[in-house]
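# Coordinates in review
For reference, the chains in residue letters:
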Amino acid sequence: MVVKLTYFAMSGRGEPIRLLLSYSKTEFEDIRIGTAEEWQKLKPTLKLPHLPMLEVDGKTYFQAFAICRYLARKAGLNGSSEEEGLAIDATVDTLMDMITKIIPAYYRPDSEERSKLLKALVEDTIPFYLNIIEKQLEENNGFLVAGKLTWADFVVLTVGTYLPGLFKVDILADFPKLKEHHQKISELPGIKEWIEKRPADPEDYRTLFF
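Numbers given for residues are sequential positions, taken from 1 along each chain in its written order. Owing to the predicted nature of the model, reporting of local features is limited to residues with pLDDT of at least 70; listing and counting of side-chain atom pairs is limited to 80 or more, with chain, interface and lining totals taken over all residues. Derived side-chain values reflect all non-hydrogen atoms in the structure, with water molecules and hydrogen atoms excluded from consideration.

Our working rule: UniProt positions are given in the numbering used here, feature names are shortened, and annotations may be inferred rather than shown by experiment.
In the nomenclature of an unreviewed UniProt entry, the protein is known as glutathione transferase of Nezara viridula. Recorded under Sequence similarities (unreviewed entry), the UniProt text for the protein is reproduced unchanged: "Belongs to the GST superfamily. Sigma family." What UniProt states about the protein under its Catalytic activity (unreviewed entry) heading is, verbatim, "RX + glutathione = an S-substituted glutathione + a halide anion + H(+)".

### Looking at unusual backbone geometry
Here is the rule: What counts as a helix is a DSSP run of H or I of at least four residues, what counts as a strand is a run of E of at least two, and both are numbered from the N terminus. Exposure classes here rest on a 1.4 Å probe applied to the protein chains alone. A residue is buried below 20% of its type maximum, exposed above 50%, and partly exposed in between.
Going from Leu51 to Pro52, the amide bond is cis rather than trans, its omega being 15°. Topologically, Pro52 is positioned in the loop between α2 (36–42) and β3 (53–56). Here Lys25, not a glycine, exhibits a phi torsion of approximately 60°, which is positive. Along the chain, the position of Lys25 falls in the loop between α1 (15–23) and β2 (29–33). We classify Lys25 as exposed; its relative accessible area is 59%. Unlike most non-glycine residues, Ala146 shows phi in positive territory, near 60°. Mapped onto the elements, Ala146 comes out in the loop between α5 (112–139) and α6 (151–167). On the basis of relative accessible area, Ala146 is assigned to the partly exposed category, the value being 40%.

Below you can see the structure in the form of structure tokens.
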């Protein structure tokens, strides 16, 4: 089976897919789009005008979390009941609510207004959502759903890696359960090896698009 993942040269929505592939010991080609020029050249050739794109034996698939659910089902990480699957999806959607609030502010040009918006995100918005996840970890024996590993844990691991890179601060400093979770999931077989070899995220993610 030939597997290729195309995404930007960053963690973002592509990283949970990379983690799932790595955890399941699936060899894959990690194709990274590293400049705005590369992206503008590739974009018109795609079935859908966004990434990530998963290619399996020549067939292409889009939508990050549809791909995650597909890989999670194959790896036994999508819960053992419809209710657990629902709880996983709800957890991921909560995190995406947070990311949706972050993106419009982060990708603005430098300005005093951008600085104010980023400060509000770090001081108010992000702690609000991370507190929800912190409580969820307390209620589920250090995992997000049903006291066991699911693909939601890989999304949380990605967010815990991605946000410090965006804001240049220790986002997890006030969330001990999240820090423990981050360390625990980072040490899993397959995940540990991937983290050790993956390329670093850019200093400024805006350079990938503009």
